[in-house]
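Structural overview for review
Spelled out from the first residue to the last, the chains are:
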Amino acid sequence: MTALSFDENGVDVVYEGTEFRLEKELIEEATEKAYPDVTDHEVLKIVEKDPSLSGEPRQIADIIR
């Protein structure tokens, strides 16, 4: 399972026991969208090759409120 923790400057990720950070600029480049408009599902797709997506995608802007 992958854990994502969002803040205004990026995402802290725990993937297969490894912790790392995806900075806001990297996420914007990868998705070609403004950081607040990116969804949690899109971030998960950056981290995992074939993620198990459940529920409705949520924009980062809504998550960090």
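Here's what I pulled together on the structure shown here.

Cut-offs used in this document
Residues numbered from 1 in each chain as written. Predicted model: local features only at pLDDT ≥ 70, side-chain atom pairs only at ≥ 80, totals over all residues. Heavy atoms only, no water. Core = buried A, V, L, I, M, F, W, Y, C linked by side-chain atoms within 4.5 Å. Buried < 20%, exposed > 50% of the residue type's maximum accessible area, 1.4 Å probe, protein only. Helix = DSSP H or I, 4+ residues; strand = E, 2+ residues; numbered from the N terminus. Contact = heavy atoms within 4.5 Å. Pairing = 2+ DSSP bridges. Salt bridge = Lys/Arg side-chain N within 4 Å of Asp/Glu carboxyl O.

Right, let's get into the nonpolar core. For soluble globular proteins, nonpolar side chains are generally found buried alongside one another. Counting residues in each nonpolar core, the largest one holds 10 residues, listed as F6, V11, V13, L22, I27, Y35, V38, V43, V47 and I60. Of all the elements in the fold, those that place two or more residues in this core are β2 (10-15) and α2 (40-47). Those residues in contact with L22, other than ones at most four positions away along the chain, are G10, V11, V13, I27, V43, I46 and V47.

A few words on the pairing of strand β1 (residues 3-7). The pairing of β1 with β2 spans five bridges and is classified as antiparallel. For F6, the partnering residue across the bridge sits in β2 and is V11. Linkage of β1 to β2, two consecutive antiparallel strands, is achieved through a turn of two residues.

We now examine the pattern of salt bridges. Any two side chains of opposite charge can pair if their charged atoms end up close together. One pass over the full model with this rule turns up five salt bridges. R21 is the salt-bridge partner of E23, the closest N and O atoms lying 3.4 Å from each other. Look at E23 and you get partly exposed, because its relative accessible area is 37%. Of the charged contacts, one joins K33 and E42 as a salt bridge, the two residues approaching to 3.0 Å between their closest N and O atoms. A relative accessible area of 31% means that K33 is categorised as partly exposed. Owing to a relative accessible area of 23%, E42 belongs among the partly exposed residues under this scheme.

By themselves, these figures tell us nothing about what the structure is for.
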